[in-house]
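What follows is each chain in one-letter form.
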Amino acid sequence: MTTRTRIESSYDAVIVGARVAGAATAMLLARAGLRVLAVERSARGSDTLSTHALMRAGVLQLHRWGVLDRIVAAGTPAIGLTTFHYGDEAIEVPIQERDGVGALYAPRRTVLDAALADAAQESGAAIAWGGFVEGVVRDGSGRVRGVELRDQDGAVQRVDAGIVIGADGVRSGVARAVAAETLREGSRPCAVLYGYWRGLHLNGTHWHYGVDVAAGAIPTNDDEACVFVAMRPDRYEARRFTGLDGLFGRVLAETSRSLALAVARAEHVGKLHPFAGRPGFIRASYGPGWALVGDAGCFKDPLTAHGMTDALRDADLLANAVVAGTPDAMAGYQAARDEFAVEFLELSDEVASFDWDLERAKVLHRQLSKLMNRECDLVRTFTAIGAKTEPVL
């Protein structure tokens with residue numbers, strides 16, 4: 001929490017986390033007229049592990065909210081083509097213009113998170129950077145009524161809230177504090193290594209699949225590309241102590257010799273980022289005085305690269321439910337989320353398992369494509385959040 005942020009004693013909503021899910025939810029609630037505080041442990045514009053890629057529904061949301069222009073202005077390249085490589089076979093998928101969106105984007109989190117946070121603040125939300133939520137505050141009935149915040153100097157302050165929203169990631173402290181039930185769990189995660197290279201000159205995104213391996217190259221900011229490799233966790237664990245660079249190079253060459261040669265000629269910027277793998281899950285998304293959004297409520301393997309798009313979709317669903325202010329609306333939020341979350345989790349789990357041949361991989365990607373089309377259909381039905389109501393959740 002910075003000294004520049006004046007913290008009031010109560011808000012309509014306190015959101016723990018101000019990255020993609022939290023900042024988007026804060027922005028929407030503030031635009032609806034609610035008094036909102038978001039608390040974020042990290043600094044504005046700091047980096048974090050990410051899949052980068054936004055799917056069409058996510059780009060459409062940013063466009064509808066007036067945030068996409070900020071992403072473009074930050075130099076995020078437009079992606080007009082995505083290519084799936086199954087061994088030596090390449091299938092190109094041009095990005096068609098629909099709903100005012102003619103390209104996809106894969107911004108660095110330093111760009112996307114900051115843009116959403118700035119939009120939230122401009123909409124009237126307060127953001128306490130560097131703050132830490134010690135725990136939730138309950139009343140005599142057990143209902144969540146607020147949080148205890150600790151600032152960088154160690155001072156603790158109680159802040160009351162009509163609702164406390166956990167947008168604090170897979171290890172959500174809010175989810176732990178409210179004992180959010182895990183409704184479903186995945187069982188077959190993959191391990192990922194990724195880094196950034198300059199000079200690849202990509203014609204869109206490239207997704208490569210091979211036997212027990214996968215890789216990809218995604219254009220992002222600063223004329224760089226995010227290049228990743230994915231593998232079974234046991235291979236990662238057996239090799240990670242002998243050098244990540246060597247492991248990255250071997251898996252990349254196994255997946256795509258052409259991409260490996262291009263990467264070898266390009267300039268490596270920074271270091272490799274490891275993700276050892278984590279099973280996906282779906283948690284209960286609401287309860288008396290609390291809710292979860294983003295990875296706090298639903299996490300799936302990153303190999304399908306849908307986490308940020310999910311977060312933007314669910315932020316809209318949750319914000320409308322909070323503004324409606326009824327238990328039925330909150331139940332509707334969870335039902336609408338789960339209509340997509342369950343299928344995305346199951347498909348992501350199978351893709352990440354590597355228990356497929358290339359023909360089965362094509363089938364899985366066609367199923368994902370159909371699901372994403374349904375998701376776009378849902379997003380097109382979203383309307384602007386209405387005027388402020390008194391939350392009675």
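Since we're looking at a predicted model, the values are computed, not measured.

1. Notes on the packing of helix α10 (residues 327-353) against helix α11 (residues 358-381)
- The interhelical angle for the contact between α10 and α11, taken along N-to-C directions, is 160°, at an axis separation of 10 Å. The angle between α10 and α11 falls in the class roughly antiparallel. Here α10 and α11 pass one another in a crossing that is left-handed. In this structure, α10 contributes E339, F340, E343, F344, L347, E350 and V351 to the contact, and α11 contributes R360, L364, Q367, L368, L371, M372, R374, E375 and L378.
- Here the contact of α10 with α11 is built from residues that sort into 9 nonpolar, 1 polar and 6 charged.

2. Quick look at the nonpolar core
- Core analysis: the largest hydrophobic core is formed by 92 residues, its most contacted members being L29, L62, W65, L116 and I165.
- In terms of residues, this core owes the most to one element, helix α9 (residues 307-324), which gives 10 residues.
- The residues contacting L116, other than those within four sequence positions of it, are V20, A23, A24, L62, W65, V67 and L312.

3. Description of the environment of M231
- Summarising the element assignment, M231 is placed in strand β13 (residues 224-231).
- The exposure class assigned to M231 is buried, which follows from its relative accessible area of 0%.
- Once you skip the residues sitting within four places of it in the chain, M231 turns out to touch C190, A191, L193, D212, Y236, L247, V251 and F354.

4. Description of the pattern of salt bridges
- Within the structure shown, the criterion is met by 31 salt bridges.
- One salt bridge connects R108 with E224, and the closest N-O pair in it is separated by 3.6 Å. A residue pair is termed long-range when its members are at least 10 positions apart, and R108 in the loop between β4 (89-94) and α4 (109-122) and E224 in strand β13 qualify at 116 residues.
- One salt bridge in this structure joins R198 and E267, with 3.6 Å as the shortest N-O distance. Of this pair, R198 sits in strand β10 (residues 191-198) while E267 sits in strand β14 (residues 267-275); the two residues are 69 residues apart in sequence, bridging distant segments of the chain.
- The partly exposed category is assigned to R198, whose relative accessible area is 30%.
- Exposure remark for E267: the relative accessible area of 43% places this residue in the partly exposed category.
- When salt bridges that share partners are traced, they join D47, R108, R198, E224 and E267 into one network.

Conventions and cut-offs
Residues numbered from 1 in each chain as written. Predicted model: local features only at pLDDT ≥ 70, side-chain atom pairs only at ≥ 80, totals over all residues. Heavy atoms only, no water. Axes fitted to C-alpha atoms, helices over the stretch in contact; angles between N-to-C directions. Helix = DSSP H or I, 4+ residues; strand = E, 2+ residues; numbered from the N terminus. Parallel < 35°, antiparallel > 145°, perpendicular 65-115°, else oblique. Left-handed = near helix turned anticlockwise from the far one by under 90°. Contact = heavy atoms within 4.5 Å. Nonpolar A, V, L, I, M, F, W, Y, C, P; charged D, E, K, R; others polar. Core = buried A, V, L, I, M, F, W, Y, C linked by side-chain atoms within 4.5 Å. Buried < 20%, exposed > 50% of the residue type's maximum accessible area, 1.4 Å probe, protein only. Salt bridge = Lys/Arg side-chain N within 4 Å of Asp/Glu carboxyl O.

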